[in-house]
Amino acid sequence: KARGIVKDKTLTLFITSAKGPEQKIDLPLKKKINLLAGVLEFLSAEDLKPGVSRTFHVFDPITMTERPVKVLMLEEETIPVMERQEEAKKVSVDFMGVSQLAWIGKDGTVLREEGSLGVRLEQVTREEALQKITLLPGTDLAEFASIPVNRVIRNVAQLNELKLRLDGIDGNALFLDGGRQSLQDKVLTIRRESISNLFFPSAQKVSKEVKTYLEPTPLIQSDHPEIKAKAQEILSANDSDLVKAGKLVKWVNENIQKRPVLSVPNALEILHRRVGDCNEHAVLLTALARAAGIPAEVEAGLVYQGGRFYYHAWNVLHLGTWITADSVKGQLPSDVTHIRLVRGAERQIDLVRLIGKARIEILNYSK
């Protein structure tokens, strides 16, 4: 459960889990914020004319930050609602480059929404809604959002290089070029990192920028006594950073049940519940690695499986240089089909705008 209050320019969140005490998180605010759901309610009371737009700042719980939402008022329409015709204000809502439409009734009720992935929401009676649940065919949304490719990749774990052609992906807005990835004229080359000859600088020689990846955040509580105690339990005093990394990847892989969950990943909560998908695995590994003195961050993008690329999250660990790690797959380094699009858990929302637009052509791969 989560609740929050705003006082002056500070948002204070209180998060309660099934286990452990209530957590208090203070977040500084630059501007007045709203909840995304409240924006449509506010619009129903505003007498905005067609063609007039407003920008609101909303709180995004996924990234724990403020995000702008642009709302454009369109022409009013008469739409069918539960076997009646009703006048509705039609608005376009743009959030993080993803647009959706909403129809708002005279009493402020949202009557219909149409958004990304072709999802459409309509107001119906309770009886009709429950009846349709049993009739809807099962749909795998992960596969629906995935990207098919032109050829099958075999022996993925043994590959040292992969070349792809990307379309519908803005390389300037994402983190495609750098480290093991190089991008030139829409051709992305990914090379597997070598961990056999890593050089580990002393803590004093690590750059200030890299050291920032040791710091705790509201959802990656690497300084929490339980996180630190678990890292110490997994590791031995004389382990090198590479050995530490391997042990942590193995522990998360073997101890977190792999099951899709609908939540905002929280390292301490994940440690308690021991269940989650790739996001939960990546957030917990980040916290444990930082607690062990290894700079770590979440990366997100696409990974190959069964003829398609799926949206996925994994980690990057600083072991003298940045090395990828995937605790879901138990890989250190990650295989070359991991296409990094963003780095940082707060950037994952940026991937929403790619769904349905990104295209990938496999050009070549080699061992």
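About the criteria used
Residues numbered from 1 in each chain as written. Predicted model: local features only at pLDDT ≥ 70, side-chain atom pairs only at ≥ 80, totals over all residues. Heavy atoms only, no water. Helix = DSSP H or I, 4+ residues; strand = E, 2+ residues; numbered from the N terminus. Rg over C-alpha atoms; globule rule 2.2 N^0.38 Å. Buried < 20%, exposed > 50% of the residue type's maximum accessible area, 1.4 Å probe, protein only. Contact = heavy atoms within 4.5 Å. Lys, Arg positive; Asp, Glu negative; His and termini not counted. Charge placed at Lys NZ, Arg CZ, Asp CG, Glu CD. Phe/Tyr/Trp six-rings, centres within 6.5 Å; stacked < 30°, edge-to-face > 60°. Lys NZ or Arg CZ within 6 Å of the ring centre and 35° of its normal. Pairing = 2+ DSSP bridges. Axes fitted to C-alpha atoms, helices over the stretch in contact; angles between N-to-C directions. Salt bridge = Lys/Arg side-chain N within 4 Å of Asp/Glu carboxyl O. Core = buried A, V, L, I, M, F, W, Y, C linked by side-chain atoms within 4.5 Å. 1 Å grid on protein atoms, 1.4 Å probe; cavity = no way out; pocket = protein on both sides within 12 Å on 5 of 7 lines; lining within 4 Å. Points joined across faces, edges and corners; volume = space filled by probe spheres on them. Nonpolar A, V, L, I, M, F, W, Y, C, P; charged D, E, K, R; others polar.

Student: What is the right way to read the overall build of the chain from this model?
Tutor: Summing up its helical and strand segments, the chain has eight helices and 21 strands in all. The C-alpha atoms of the chain give a radius of gyration of 23 Å, which matches the 21 Å a tight globule of 367 residues would have. Across the 367 residues that make up the chain, the buried fraction comes to 43%. Considering only residue pairs separated by 6 or more positions, the chain has 56% of its internal contacts joining residues 24 or more positions apart. Charged side chains of the chain number 51 positive and 47 negative; the gap between the two group centres comes to 5 Å.

Student: Whenever I open this one, the packing of aromatic side chains confuses me. Can you help?
Tutor: Two aromatic rings, taken as a pair, are described by how far apart their centres are and by the angle between their planes. This model, assessed by the stated rule, comprises two aromatic pairs. Relative to Trp322, the ring of Tyr213 lies with its centre 5.2 Å away and its plane at 85 degrees, an arrangement referred to as edge-to-face. Residue Tyr213 is found in the loop between helix H4 (208–211) and helix H5 (225–234), and its partner Trp322 is found in strand S19 (residues 322–325); the two are separated by 109 residues along the sequence. Look at Trp322 and you get partly exposed, because its relative accessible area is 21%. Taken together, a centroid distance of 5.6 Å and an interplanar angle of 65 degrees make the contact between Tyr304 and Phe309 edge-to-face. The burial state of Tyr304 is the same as that of Phe309; both residues are buried. A cation sits over an aromatic face here: Arg112 above Trp103, 5.0 Å from the ring centre. Sitting over the face of the ring of Trp322, Arg343 holds its NZ or CZ atom 5.1 Å from the ring centroid.

Student: Mind showing me how you'd approach the sheet that holds strand S12 (residues 161–167) here?
Tutor: Whether parallel or antiparallel, the strands of a sheet pair through hydrogen bonds between backbone atoms. The four strands lie next to each other as S13-S14-S12-S21, forming an open sheet whose pairing is antiparallel. Edge positions in the sheet fall to strand S13 (181–184) and strand S21 (359–366), since each of these pairs with one other strand and no more. For this sheet, the mean angle separating the axes of adjacent strands, direction not counted, is 20 degrees. For S12 and S21, the ladder comprises seven bridges, and the chain directions are antiparallel. Bridging from a neighbouring strand, Leu164 pairs with Ile362 of S21.

Student: Which parts of the structure should I look at to understand the sheet that holds strand S1 (residues 2–7)?
Tutor: Read from one edge of the open sheet, three strands run S1-S2-S3, paired in antiparallel fashion. With one partner strand each, in any of the chains shown, S1 and strand S3 (23–28) form the two edges of the open sheet. The mean angle between the axes of side-by-side strands here comes to 20 degrees, regardless of whether they run parallel or antiparallel.

Student: Can you help me understand the pattern of salt bridges in this one?
Tutor: For side chains of opposite charge, pairing can occur when their charged atoms come near one another. This structure, assessed with the given rule, holds 14 salt bridges. For the salt bridge of Arg84 with Glu86, the shortest nitrogen-to-oxygen distance reads 2.7 Å. By relative accessible area, Arg84 is classed as partly exposed at 35%. Looking at Glu86, the relative accessible area reads 16%, which means it is buried. A salt bridge links Arg191 to Glu161; its shortest N-O distance comes to 3.2 Å. Of the two residues, Arg191 sits in strand S14 (residues 187–191) while Glu161 sits in strand S12, which places them 30 residues apart along the sequence. Using a relative accessible area of 42% as the deciding quantity, one classes Arg191 as partly exposed. Salt bridges here are not isolated pairs; linked through shared partners, they connect Glu114, Arg120 and Glu122.

Student: When you look at the nonpolar core in this model, what are you seeing that I'm missing?
Tutor: In terms of nonpolar packing, the biggest core is built from 60 residues, with Leu164, Leu288, Phe309, Leu317, Ile339, Leu341 and Ile360 touching the most fellow members. With eight residues, helix H8 (residues 278–291) is the largest single contributor of residues to this core. Other than its neighbours up to four places away in sequence, Leu317 contacts Ala245, Ala289, Ile294, Pro295, Ala296, Trp322, Ile323, Ala325 and Leu332. Membership of the second largest hydrophobic core comes to 16 residues, among which are Leu40, Val93, Ile104 and Ile349.

Student: I would appreciate a short explanation of empty space enclosed by the protein in the present structure.
Tutor: Here the idea is plain: a probe the size of a water molecule rolls over the atoms and shows the empty space left. On inspection of all chains with the given rule, the structure shows one cavity of 30 Å³ or more. By volume, the largest cavity amounts to about 30 Å³. Among the elements of the structure, strand S6 (77–81) and strand S9 (110–114) are those that each provide at least two residues to the lining of the largest cavity. Taken together, the residues of the lining of the largest cavity break down into three nonpolar, one polar and two charged.

Student: Looking at this model, I keep getting lost on unusual backbone geometry. Mind explaining?
Tutor: Among all residues except glycine, the phi angle is most often negative; among peptide bonds, the trans geometry is most common. A cis geometry characterises the amide bond from Leu332 onward to Pro333, with omega recorded as 0 degrees. Inspection of the secondary structure puts Pro333 in the loop between S19 and strand S20 (339–343). For Asp8, which is not glycine, the phi dihedral falls at a positive 55 degrees. In this structure, Asp8 sits in the loop between S1 and strand S2 (10–15). One non-glycine residue with positive phi stands out, namely Asp185, at about 50 degrees.

Student: Can you help me understand the pairing of strand S8 (residues 98–104) in this one?
Tutor: Sheet analysis places strand S7 (residues 84–95) next to S8, joined by seven bridges and oriented antiparallel. Within S8, the position partnered with Lys90 by the bridge is Trp103. One ladder, built from four bridges, connects S8 with S9; its direction is antiparallel. Across the sheet, residue Ile104 finds its bridge partner in S9, namely Val110. Joining the antiparallel neighbours S8 and S9 is a turn of five residues, in which Gly108 adopts a positive phi near 90 degrees.

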